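Here's the letter readout for the chains.
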Amino acid sequence: MLMMGGSMAQETYTPSVENVASRQEFADAKLGIFIHWGIYSMFAQGEWYLQNADIDREEYAKAADAFYPHRFSAHQWVKAIKEAGAKYICITTRHHDGFSMWDTRESDYNIVRATPFGRDVIKELAEECQRQGLRLHLYYSHIDWTRDDYPMGRTGLHTGKDPKKADWPHYYEFMNHQLTELLTGYGPVGAIWFDGYWDRDQDPTPFDWQLDEQYALIHRLQPGCLVGNNHHTTVHPGEDIQIFERDVPGENKAGLSGQAISRLPLETCQTMNGMWGYKVTDQNYKSVDDLIRLLVTTSGKGANLLLNIGPQPNGQLPAMAIDRLKGIGEWTSRYGETIYGTTAGAIDPQEWGVTTRKGNTTYVHVLQQGLTSVTIPANALKVKKATAYDSNDPVKVSKGKGTITLSWQKPTEQVDFIIRIN
Ligand code: GLC
């Protein structure tokens with residue numbers, strides 16, 4: 001029996017010592033890479049193709065029998081990601097289509113048993129992450145567009161599932177068995193990243209996902225494993241991190257991030273182009289500069305950036321994504337000190353940029369170009385000394401009425417003009 005008794009109810013959840021340490025490590029990390037990879041990559045239309053194109057689940061499943069990503073190399077992926085300065089990888093172990101990317105005993109619809117490839121890519125990645133010193137986070141879908149036992153919500157309605165066979169207790173047990181496999185056979189798991197809760201947010205009465213027992217199971221199997229849920233609502237008891245989809249916490253441009261910001265470590269997930277899973281027509285990648293600005297902006301909010309890549313069906317990361325990783329890596333190797341291990345600065349994000357803080361040092365990140373000064377509230381910061389991070393040249397400090405103005409000669413033209421204040 002996997003369910004936990006009331007004594008482990010997450011309402012009264014106090015994170016363990018290991019968990020608190022993981023939270024700190026997570027909050028310091030600032031950059032993670034998200035990987036959306038599954039048999040959906042074969043259709044090259046993004047990870048929602050089964051639902052969006054109204055495909056019959058049995059027709060869709062035929063892609064598994066042709067899935068042979070012969071260019072997949074966990075070593076190369078992890079190396080490229082590490083060189084970008086990312087500290088962790090979060091990969092889809094099972095997305096909404098229901099296909100498992102590891103050798104699960106709970107369903108034959110998995111990469112080892114249903115494909116000619118036959119390799120457990122989660123295991124290979126887990127081992128490689130350990131070797132190269134990156135944390136591995138596992139994305140896990142709460143919903144399933146293929147299995148009959150998942151009681152359908154508002155998506156996945158036309159895949160040929162039989163609604164009469166819905167059986168939540170059976171499905172819940174299946175998920176907990178799968179999570180147990182992932183948390184016992186793949187070494188240390190940095191986080192379980194849930195998704196799909198929103199599938200039932202239009203139910204007339206709130207659906208009980210039984211998160212309490214599931215979160216308790218995770219914490220019992222690996223106390224240091226962080227629990228996060230992309231539910232687009234305020235955090236639930238038992239969660240260790242708060243996730244924002246496609247928005248810097250505090251912004252809500254994509255419409256999924258109106259929820260209050262908690263005191264938990266924060267993470268913003270965002271795509272490099274427009275889609276999570278590989279989409280052949282989507283070459284609209286954000287520029288390296290824009291991605292660096294996004295990374296710095298999330299850091300200025302005290303949040304991590306979980307930046308997504310959709311690998312190709314052949315197992316390679318798209319060349320555009322590799323190019324972006326390289327560009328980010330050049331920046332982090334030079335300026336990483338100004339974000340890693342920092343917290344949000346004392347000044348809220350401004351038009352011109354953000355601040356980060358480490359101990360008594362504040363880093364002012366001027367992200368807007370063409371500026372020769374910025375003005376900050378005087379009570380926010382004690383400024384003894386201000387220097388340009390790159391050149392070490394002094395930055396002029398002028399005190400006004402309740403303000404401090406930092407100024408310099410040359411209008412900013414770099415992606416992030418950094419001033420060190422202590
Ligand atoms: C959404 C989508 C999903 C994607 C996720 C990543 O919830 O359903 O496809 O995996 O966002 O944030």
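These numbers come from a predicted model, not from an experiment.

Here we take up the overall build of the protein chain. The number of helices and strands found in the protein chain is 10 helices and 16 strands. For 422 residues, the compact-globule estimate of 2.2 N^0.38 gives 22 Å, and the C-alpha radius of gyration of the protein chain, at 23 Å, lies within 12% of that figure. The buried share of the protein chain, reckoned over its 422 residues, is 57%. Within the protein chain, residue pairs in contact and separated by at least 24 positions form 71% of the contacts whose partners lie at least 6 positions apart. Summing over all exposed atoms, the protein chain offers an accessible surface of approximately 17600 Å²; the carbon and sulfur share of this is 49%.

Our focus in this paragraph is the pattern of salt bridges. For the structure on display, the rule yields 20 salt bridges. Between E181 and R105 there is a salt bridge, with its nearest N and O atoms 3.9 Å apart. In this pair, E181 is assigned in helix 7 (residues 168-185) and R105 in the loop between strand 2 (88-94) and helix 6 (121-132), connecting sequence segments 76 residues apart. By relative accessible area, E181 is classed as buried at 7%. The closest approach of N and O atoms between K253 and E251, which form a salt bridge, is 3.3 Å. Given a relative accessible area of 30%, E251 falls into the partly exposed group. Look at the salt bridges and you will find they share partners, linking D103, D108 and R113 into a network.

Note on backbone geometry: most residues besides glycine have negative phi, and most peptide bonds are trans. For D54, which is not a glycine, the phi torsion comes out positive at approximately 50°. Relative to the helices and strands, D54 is located in the loop between helix 3 (49-52) and helix 4 (57-61).

All right, on to the domain arrangement of the protein chain then. Along its sequence, the protein chain is carved into domain 1 (8-344) and domain 2 (353-421). Summarising the inter-unit geometry, the C-alpha centres of domain 1 and domain 2 are found 36 Å apart. Domain 1 puts 18 residues into the contact, and the matching count from domain 2 is 15 residues. A combined buried area of about 1400 Å² lies between domain 1 and domain 2, and 55% of that area is made up of carbon and sulfur atoms. Among the residues domain 1 hides against domain 2, the three largest losses belong to R293, E337 and T338. Together they make up 36% of the total. Between D390 and R334 there is a salt bridge; the shortest N-O distance is 3.1 Å. If you look at where domain 1 meets domain 2, you find 10 residue pairs in polar contact (both at pLDDT 80 or more). In the side of domain 1 that touches domain 2, the residues fall into seven nonpolar, seven polar and four charged.

This paragraph deals with the site of the ligand. Near the ligand lie 14 residues; those nearest to it are H36, E47, W48, H95 and H96. Interatomic distance of 2.8 Å between a side-chain N/O atom of H95 and an oxygen atom of the ligand. N230 is positioned such that a nitrogen or oxygen atom in its side chain is 3.4 Å from an oxygen atom of the ligand.

What follows covers the side chain of T342. Within the fold, T342 resides in the loop between helix 10 (319-335) and strand 9 (343-344). Accessibility expressed as a relative area gives 3% for T342, which makes it buried. Sequence-distant contacts of T342, that is, excluding residues within four places in its chain, are made with A27, K30, E337, T356, R357 and K358.

It is worth spelling out the packing of helix 7 against helix 8 (residues 211-221) at this point. Two numbers describe how helix 7 lies on helix 8: the axes approach to 10 Å, and their chain directions differ by 20°. Judged on the interaxial angle alone, helix 8 and helix 7 are roughly parallel. With respect to the hand of their crossing, helix 7 and helix 8 are arranged in right-handed fashion. Contact residues: helix 7 offers Y172, M175, N176, L179, T180, L183 and T184, while helix 8 offers E213, Q214, L217, I218 and L221.

Rules of the game
Residues numbered from 1 in each chain as written. Predicted model: local features only at pLDDT ≥ 70, side-chain atom pairs only at ≥ 80, totals over all residues. Heavy atoms only, no water. Helix = DSSP H or I, 4+ residues; strand = E, 2+ residues; numbered from the N terminus. Rg over C-alpha atoms; globule rule 2.2 N^0.38 Å. Buried < 20%, exposed > 50% of the residue type's maximum accessible area, 1.4 Å probe, protein only. Contact = heavy atoms within 4.5 Å. Areas by Shrake-Rupley, 256 points an atom, 1.4 Å probe, with all protein chains shown as cover. Salt bridge = Lys/Arg side-chain N within 4 Å of Asp/Glu carboxyl O. Domains from an automatic or database assignment. Buried area = accessible area lost by both parts, 1.4 Å probe. Polar contact = N/O pair within 3.5 Å; in protein donor to acceptor, adjacent residues only side chain to side chain. Nonpolar A, V, L, I, M, F, W, Y, C, P; charged D, E, K, R; others polar. Near = heavy atom within 4 Å. Axes fitted to C-alpha atoms, helices over the stretch in contact; angles between N-to-C directions. Parallel < 35°, antiparallel > 145°, perpendicular 65-115°, else oblique. Left-handed = near helix turned anticlockwise from the far one by under 90°.

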